Amino acid sequence: AQIISEKFMDDELVIVCGKDHPIRKKDKVYLKDLLEYDFILREKGSGVRKLFDSILLIHGISIEPVWTCSSTQAILNAVNQDIGLSALPYRQIERFLDNGDVCQVPLQDAVFKRNLCIIYHRQKYLTDIAKIFMQEIHNASKKYKPLPSY
């Protein structure tokens, strides 16, 4: 293969809601249950949105968001105010979950896992700076704790 892909970290999209959102009262949440609620999602074309939409499509589900936004912080603020649910990368919002700013909604029938990778062409010259940067990414990723299991 001409393209090299080096995995440096696991990640997953998680469904998040505000502290007082009605979905938190459910004992178990399935993908089909998400249809009952408003969603605030990343813009079409973003990697996060593509992964979310493709997993829903596999399960025969489609969600039309009430709002799309390119800012994760703006989405988190809206979710915190119980305006809707969202699907966001765990690694990006971990501290907001830990602080209780938003709450995770565990799904019974779907997982949105993904690998984060460094991708480069085998025959392209990598400068010393590029090699150092790649090594720093690998080193930094070792500082993260493993994804939680449900």
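Quantities reported herein were computed from a predicted structural model and do not represent experimental measurements. (Residues numbered from 1 in each chain as written. Predicted model: local features only at pLDDT ≥ 70, side-chain atom pairs only at ≥ 80, totals over all residues. Heavy atoms only, no water.)

## Description of helix α2 (residues 72–80)
Taken residue by residue, α2 has T72, I75, L76, A78 and V79 as its buried positions. Down the axis of α2, the buried set is contained in an arc of 165 degrees. They therefore lie on one face. Buried residues belonging to α2 abut β1 (3–17), β2 (40–42), β3 (67–69), β4 (86–89) and α3 (90–99). D82 sits one or two residues past α2 and shows a positive phi near 60 degrees. (Buried < 20%, exposed > 50% of the residue type's maximum accessible area, 1.4 Å probe, protein only. Helix = DSSP H or I, 4+ residues; strand = E, 2+ residues; numbered from the N terminus. Arc of directions from axis to C-beta. Contact = heavy atoms within 4.5 Å.)

## So, the environment of K25
The topology assignment puts K25 in the loop between β1 and β2. Given a relative accessible area of 71%, K25 falls into the exposed group.

## Examining the packing of α2 against α3
At their nearest, the axes of α2 and α3 sit 12 Å apart, and the two run at 40 degrees to each other. Our pair here, α2 against α3, has a crossing hand that is right-handed. Of the residues in α3, those in contact with T72, Q73 and L76 of α2 are Q92, I93 and F96. When its residues are assigned to classes, the contact of α2 with α3 shows three nonpolar, three polar and no charged. (Axes fitted to C-alpha atoms, helices over the stretch in contact; angles between N-to-C directions. Left-handed = near helix turned anticlockwise from the far one by under 90°. Nonpolar A, V, L, I, M, F, W, Y, C, P; charged D, E, K, R; others polar.)

## As for the pairing of β1
Both faces of the sheet carry side chains from a regular strand, because those side chains alternate between them. Note that β1 and strand β6 (residues 112–121) share 10 bridges and pair antiparallel. Counted as the bridge partner of K7 is C117 from β6. The pairing of β1 with β4 spans four bridges and is classified as antiparallel. Note on β4: the bridge partner recorded for I15 is A87. In terms of strand pairing, β1 meets strand β5 (residues 103–104) through two bridges, oriented antiparallel. The partner of C17 across the bridge, within β5, is C103. (Pairing = 2+ DSSP bridges.)

## What to know about the nonpolar core
Judged by nonpolar contacts, the single largest core of 24 residues is most densely connected at I15, L34, F52 and F112. Among the secondary structure elements, those contributing two or more residues to this core are β1 and α1 (47–58). Top contributing element to this core by residue count: α1, with five residues. Once residues lying within four places of it in the same chain are set aside, the contact partners of F52 are L13, I15, F39, L41, I63, A87 and F112. (Core = buried A, V, L, I, M, F, W, Y, C linked by side-chain atoms within 4.5 Å.)

## Section: the packing of aromatic side chains
One pair of aromatic rings is described through two measures. These are the centre distance and the angle between the planes. As enumerated under the stated definition, the model contains two aromatic pairs in all. Here the aromatic cluster, defined as three or more aromatic residues joined through ring pairs, consists of F39, F52 and F112. (Phe/Tyr/Trp six-rings, centres within 6.5 Å; stacked < 30°, edge-to-face > 60°.)

## Some thoughts on α1
With 12 residues, α1 extends 17 Å between its outermost C-alpha atoms, agreeing within 8% with the 16 Å of an ideal straight helix rising 1.5 Å per residue. All of the buried residues in α1 are V48, R49, L51, F52, I55 and L56. For α1, the angular spread of buried residues about the axis comes to 165 degrees, placing them on one side. Turned more than 90 degrees away from the buried face of α1, the exposed residues are K50, L57 and I58. (Expected span 1.5 Å × (residues − 1).)

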